[in-house]
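# Remarks on the overall topology
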Amino acid sequence: QKEVEQNSGPLSVPEGAIASLNCTYSDRGSQSFFWYRQYSGKSPELIMSIYSNGDKEDGRFTAQLNKASQYVSLLIRDSQPSDSATYLCAVTAGYSGTYKYIFGTGTRLKVLA
Amino acid sequence: DGGITQSPKYLFRKEGQNVTLSCEQNLNHDAMYWYRQDPGQGLRLIYYSQIVNDFQKGDIAEGYSVSREKKESFPLTVTSAQKNPTAFYLCASSTLNNEQFFGPGTRLTVL
């Protein structure tokens, strides 16, 4: 089982719709959770971080964390063509003496005009 | 402006040659990272450093080396021992809350 799993997509949504991106992780000790957006040929940029169960909203983005079920999701409201990118989920887990920061392989989102 | 810079943007390596990728940050972050990304793939951790003069191997450290002599700088050397180095190399630094910020990347191609 991969440590952080994402559906590779592409996930296609019409302009103005809600895009829902999901991520599951295997380590129950994970403490910090992040969503990054990566445009083709560019480096990732942080769009959301979440550390406790529940929802966190920032503009059109909402991150949702459920530690009991070990998933984190990202909702993008009023999707725009400019949101078309690959979205990477990342999780931190602390092991004794070892630090791990694990990225999923990403979900490609296409917003159709 | 605070941020992370990487140079060069494009780099070409001949067989048997060592090359060094530069990474500089002025965000005053203690932790810095090097990742490799292959086409259509996720990020794989090469090395990371949580403090000056200390660094640890990541998942794919073989054929790479790093140094961390200054807080602002974390250069990566791709040695001739790395047999398949063609990839997109990303440097990042992180806040105390583990939020990572990336540089623009270096594309390395073996000739």
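Cut-offs and rules
Residues numbered from 1 in each chain as written. Chains lettered and ligands numbered in written order. Predicted model: local features only at pLDDT ≥ 70, side-chain atom pairs only at ≥ 80, totals over all residues. Heavy atoms only, no water. Helix = DSSP H or I, 4+ residues; strand = E, 2+ residues; numbered from the N terminus. Rg over C-alpha atoms; globule rule 2.2 N^0.38 Å. Buried < 20%, exposed > 50% of the residue type's maximum accessible area, 1.4 Å probe, protein only. Contact = heavy atoms within 4.5 Å. Areas by Shrake-Rupley, 256 points an atom, 1.4 Å probe, with all protein chains shown as cover. Lys, Arg positive; Asp, Glu negative; His and termini not counted. Charge placed at Lys NZ, Arg CZ, Asp CG, Glu CD. Pairing = 2+ DSSP bridges. Axes fitted to C-alpha atoms, helices over the stretch in contact; angles between N-to-C directions. Disulfide = S-S within 2.5 Å. Core = buried A, V, L, I, M, F, W, Y, C linked by side-chain atoms within 4.5 Å. Buried area = accessible area lost by both parts, 1.4 Å probe. Salt bridge = Lys/Arg side-chain N within 4 Å of Asp/Glu carboxyl O. Polar contact = N/O pair within 3.5 Å; in protein donor to acceptor, adjacent residues only side chain to side chain. pLDDT = per-residue confidence, 0-100.

## Points about the overall build of chain B
Looking only at helices and strands, chain B features zero helices and 11 strands. Scaling as 2.2 N^0.38, a compact globule of 111 residues should have a C-alpha radius of gyration of about 13 Å, and chain B matches this with 13 Å. When its C-alpha atoms are laid out on the principal axes, chain B stretches across 40 × 25 × 20 Å. The proportion of buried residues among the 111 residues of chain B is 49%. In chain B, once contacts between residues fewer than 6 apart in sequence are set aside, the share between residues at least 24 apart is 52%. Of the roughly 5600 Å² that chain B leaves accessible, carbon and sulfur atoms contribute 47%. Side chains of chain B give 11 positive and 11 negative charges; the mean places of these two sets differ by 8 Å.

## Observations regarding the sheet that holds strand β8 (residues 76-78) of chain B
All names here are of chain B. Spatially, β1-β3-β8-β7 is the arrangement adopted by the four strands of the open sheet, whose pairing is antiparallel. A strand with exactly one partner marks an edge of an open sheet, and here the two such strands are β1 (4-7) and β7 (64-66). Adjacent strand axes in the sheet meet at a mean angle of 20°, parallel and antiparallel pairs treated alike. The sheet contact formed by β1 and strand β3 (residues 19-25) spans four bridges and is antiparallel. Bridge pairing in β3 links I4 to Q25.

## Comments concerning the state of the cysteines
All names here are of chain A. All told, the structure shown has two disulfides over all chains when counted by the stated rule. A sulfur-sulfur separation of 2.1 Å characterises the disulfide bridge that pairs C23 with C89. Negative torsions about the S-S bond denote left-handed disulfides, and the value of about -70° found for C23 with C89 makes this one left-handed. Taken together, the residues C23 in strand β3 (residues 19-25) and C89 in strand β9 (residues 85-95) connect sequence positions 66 residues apart.

## Let's talk about the environment of B:L90
Inspection of the secondary structure assignment puts B:L90 in strand β9 (residues 87-94). For B:L90 and B:L43, which are 47 residues apart along the polypeptide, the C-alpha to C-alpha distance reads 8.6 Å. Those residues in contact with B:L90 that sit more than four places away from it in its chain are A:Q38, A:S43, A:P44, B:Q6, B:Y33, B:W34, B:Y35, B:Q37, B:L43, B:F102, B:G103 and B:G105.

## Quick notes on the nonpolar core
Core analysis: the largest hydrophobic core is formed by 24 residues, its most contacted members being A:W35, A:V72, A:L74, A:I76 and A:Y87. Elements represented by at least two residues in this core include exactly β3, β4 (32-38), β5 (45-50), β7 (61-66), β8 (71-76), β9 and β11 (107-112) of chain A. Aside from chain neighbours lying at most four places away, what touches A:I76 is A:A17, A:I18, A:A19, A:L21, A:R60, A:F61, A:D83, A:Y87 and A:L109. One finds B:C23, B:M32, B:V78 and B:A87 within the second-largest nonpolar core, a separate group that totals 20 residues.

## Details of the sheet that holds β3(A)
Residues and elements named next belong to chain A. An order of β1-β3-β8-β7-β6 is seen for the five strands of this open sheet, with the pairing classed as antiparallel. Each of the sheet's edge strands pairs with one partner strand only, and the pair in question is β1 (4-6) and β6 (54-58). Adjacent strand axes in the sheet meet at a mean angle of 20° when their direction is disregarded. In terms of strand pairing, β6 meets β7 through five bridges, oriented antiparallel. Across the sheet, D55 pairs through a bridge with Q64, a residue of β7.

## Concerning the side chain of A:Q38
Relative to the helices and strands, A:Q38 resides in strand β4. Excluding residues that lie within four positions of it along the chain, A:Q38 makes contacts with A:S43, A:P44, A:A85, A:T86, A:L88, B:Q37, B:F88 and B:L90.

## Structural notes on the interface of chain A and chain B
Each side of the interface is counted separately: chain A has 19 residues, and chain B has 18 residues. Contact between chain A and chain B buries roughly 1500 Å² in total, counting both sides, with carbon and sulfur atoms accounting for 54%. Taken together, chain A and chain B are joined by zero salt bridges. One can count seven residue pairs in polar contact (both at pLDDT 80 or more) joining chain A with chain B.

## Some remarks on the confidence of the model for chain A
Averaged over chain A, the pLDDT score is 92; the fraction of residues at 70 or greater is 93%. Here strand β10 (residues 98-103) of chain A stands out as the least confident element of chain A, with mean pLDDT 76; β7(A) is the most confident, with 98.

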